[in-house]
Amino acid sequence: MKRPTRLPFLVAVALLATGSVPVAAAHTRVRTPERLGVTRVAPATAADARVGVLVSGGEHYCTASVVHSPRRDLVVTAAHCLSGGGDIVFVPGYRGGEAPYGKWTVTRTYLADGWKDSQDEDSDVAFARVVPTGGSQGGSEVEDVVGAGRLLAGRGRSPVGGAVTVVGYPKARETPVRCTNTSTAYGGGQQRIECPGYSGGTSGSPWTDARGRIVGVLGGFQEGGTTDDVSYSAVLGAETAALYLEATK
């Protein structure tokens, strides 16, 4: 388990992030080629600033990331990260206890019926709408501040078998980790990746392809896996695409 114990026929979603240049762009760095299967501290880049921690009870317990939406206020994570209730805050770009891009309160969550009805591991994906905590961002939405990833979901739209990069926050660390490797199919509706060091707290971490599109979310089988070295995600199919459309209405 990656989570701490306390806590029409073809549908495709592929929306490009738009809006003003994000503040996070000031931290962009040139990336060198990734070594497959090697986990390291994630550098402070504009793309990784979109990834952050979910905080409840004063502790970060899961990972989430900003996904493009018309209202510019949406994050994606694992459904099991949002099933416990209580007040939740999203902190993008979290490092060393600091919130460089502000704190954002979760106001509404969207979970698929498959998860709500039976905690179906193939439905372990969720969305949440956020607002600035205490109005600290001067009326801007989270996507205006850090940008957003593009969701690739729908039947035949979430590829399995290509290289994906996973950025997430282990609960025991105050900085994110990053690893790239080739995903493989697991069962009928899951995908897996071998990357060491993805322990409790990394549930909800986005899986992005070479074009930066979100093609998975760490969770699914065994809520993301019972070992630190192998992680899972539900394949983002038609159910995820429909849930996204519900969240953006």
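Parameters at a glance
- Residues numbered from 1 in each chain as written.
- Predicted model: local features only at pLDDT ≥ 70, side-chain atom pairs only at ≥ 80, totals over all residues.
- Heavy atoms only, no water.
- Phe/Tyr/Trp six-rings, centres within 6.5 Å; stacked < 30°, edge-to-face > 60°.
- Helix = DSSP H or I, 4+ residues; strand = E, 2+ residues; numbered from the N terminus.
- Buried < 20%, exposed > 50% of the residue type's maximum accessible area, 1.4 Å probe, protein only.
- Salt bridge = Lys/Arg side-chain N within 4 Å of Asp/Glu carboxyl O.
- Patch = residues over 30% accessible without salt bridge, like charges linked within 9 Å, V, L, I, M, F, W, Y side chains within 5 Å.
- Areas by Shrake-Rupley, 256 points an atom, 1.4 Å probe, with all protein chains shown as cover.
- Lys, Arg positive; Asp, Glu negative; His and termini not counted.
- Charge placed at Lys NZ, Arg CZ, Asp CG, Glu CD.

**Quick word on the packing of aromatic side chains**
Alright, step 1. Going through the model one piece at a time under the given rule, you end up with 5 aromatic pairs.
Alright, step 2. For the ring pair Phe127 and Tyr244, a centre distance of 5.8 Å and an interplane angle of 70° mean the geometry is edge-to-face. Of this pair, Phe127 sits in strand S7 (residues 126–132) while Tyr244 sits in helix H3 (residues 238–247), placing them 117 residues apart in sequence.
Alright, step 3. Relative to Tyr232, the ring of Phe221 lies with its centre 4.9 Å away and its plane at 70°, an arrangement referred to as edge-to-face. Remark: Tyr232 occurs in strand S15 (residues 230–234) and Phe221 occurs in the loop between strand S14 (213–217) and S15; sequence separation between them is 11 residues. There is no split in this pair, since Phe221 and Tyr232 are both buried.

**Section: the pattern of salt bridges**
Side-chain pairs of opposite charge can arise whenever the charged atoms involved come near each other.
Alright, step 1. Inspection of the entire model under this criterion finds 7 salt bridges.
Alright, step 2. The residue Asp113 makes a salt bridge to Lys116 at a minimum N-O spacing of 3.6 Å. Of this pair, Asp113 and Lys116 both sit in helix H1 (residues 113–118), 3 residues apart, which is roughly one turn of the helix.
Alright, step 3. Note that Glu194 and Arg192 form a salt bridge whose closest N and O atoms lie 3.5 Å from each other.

**Structural notes on a negative patch on the surface**
Alright, step 1. Together, Asp120, Glu121, Asp122 and Glu239 line one region of the surface with negative charge.
Alright, step 2. As for its position among the elements, Asp122 is in the loop between H1 and S7.
Alright, step 3. In this structure Asp122 comes out as partly exposed when scored by relative accessible area, which is 32%.

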